[in-house]
Amino acid sequence: MSLSLYEKHRPSKLSEVIGQSKVIKQIESVGDPGGRAFWISGASGIGKTTLGRIIASQIADSWYITELDATSLTPAKLRDIEQSMAMFGGGKGGRAYLVNESHGLRKDTIRQLLVLLERLPSHVTIIFTTTKDGQEALFEDEIDSHPLLSRCIVLTLTNQGLSKLFAARVREIAQAEGLDGQPESVYVKLAQKCKNNMRSMLQSVESGAMKL
C-alpha cells in the first residue's frame with residue numbers, strides 16, 4: 001500500500017518541523033525526554049502526533065513506541081503499561097507511549113496517571129496530544145486539569161501566521177511528486193482555506209482538488 005503524501009513527507013526530526021520555533025526551543029531545552037511527560041495541544045492537522053513521534057524517537061526505537069487513543073486507556077490498561085515500563089527495550093533502550101485525543105481521558109484513569117507521572121522511570125516518556133484549546137475545559141466539567149498538566153511539559157502548537165510557510169512546503173512537495181505546477185499564491189489561498197491544516201492541504205493536492 002502506497003503512503004499518502006502526508007505520511008510520506010511527515011517530518012522525522014525537529015529540524016524538519018516548520019512554523020513551531022517556540023515549541024522546538026522548548027523541546028531542545030529539555031534535552032533527554034526520559035522520565036518526562038509532554039502535553040501537546042493544537043488544531044487538527046497541525047502536527048501534534050508527528051511531533052510526539054519525534055520526541056518518542058529520541059528515547060525509543062520504533063518497535064518500543066506504543067500509540068493509543070485516550071478512550072482506550074482504562075485503569076487496567078494503564079496497569080499493564082506500568083508493568084511493561086519495568087522492561088528495558090533493545091537499541092536505544094527506552095520506551096515511549098503516545099496517547100492521542102487526551103481530552104478523552106477517563107476520570108479514574110487520570111487519578112492513576114497522577115501517581116504514575118510522579119514516579120516515571122528515567123527510560124520512559126509519555127506524550128499526550130489533544131485538539132482541545134485551552135487548559136481549563138479539557139475534561140469533563142468536574143475534572144480539574146491542573147494536577148495532570150502540572151506534571152507535564154506543556155507544548156502548544158500554533159496555526160497562526162503559517163500560510164506562507166505551509167504554502168511553500170506543500171508546493172515543494174507537489175512539484176517533487178509531479179502533481180502540480182501552480183504559483184505559490186494558489187497554495188497560500190489553499191492554506192487559508194484549510195486553516196493551515198497541513199494534512200488537508202496535502203490531501204487536496206493528492207486528490208487534485210486544487211480549484212480554489
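Everything that follows concerns the structure shown earlier in this document.
Small disclaimer: the values here were computed from a predicted structure and weren't measured.

### Concerning unusual backbone geometry
Piece 1. Despite not being glycine, glutamate 101 shows a phi value in the positive range, around 55°.
Piece 2. Judged by its relative accessible area of 33%, glutamate 101 falls in the partly exposed class.
Piece 3. Although it is not a glycine, asparagine 196 sits at a positive phi angle of roughly 55°.
Piece 4. Relative to the helices and strands, asparagine 196 resides in the loop between helix 8 (184-193) and helix 9 (198-207).

### Quick notes on helix 8
Piece 1. The complete set of buried residues in helix 8 reads Val186, Tyr187, Val188, Leu190 and Ala191.
Piece 2. Looking at the packing, one finds that the buried side of helix 8 touches helix 7 (163-176) and helix 9.
Piece 3. Two residues or fewer after helix 8 comes lysine 195, characterised by a positive phi angle close to 55°.

### So, the pattern of salt bridges
Piece 1. In the structure shown here, the tally under the stated rule is seven salt bridges.
Piece 2. Across the pair glutamate 67 and arginine 53 runs a salt bridge whose closest N-O atoms are separated by 2.7 Å. Taken together, the residues glutamate 67 in strand 2 (residues 65-69) and arginine 53 in helix 3 (residues 48-57) connect sequence positions 14 residues apart.
Piece 3. Note on arginine 53: relative accessible area 29%, which makes it partly exposed.
Piece 4. The partner of glutamate 172 in a salt bridge is arginine 169, and the shortest N-O contact between them spans 2.5 Å.

Calculation criteria
- Residues numbered from 1 in each chain as written.
- Predicted model: local features only at pLDDT ≥ 70, side-chain atom pairs only at ≥ 80, totals over all residues.
- Heavy atoms only, no water.
- Buried < 20%, exposed > 50% of the residue type's maximum accessible area, 1.4 Å probe, protein only.
- Helix = DSSP H or I, 4+ residues; strand = E, 2+ residues; numbered from the N terminus.
- Contact = heavy atoms within 4.5 Å.
- Salt bridge = Lys/Arg side-chain N within 4 Å of Asp/Glu carboxyl O.

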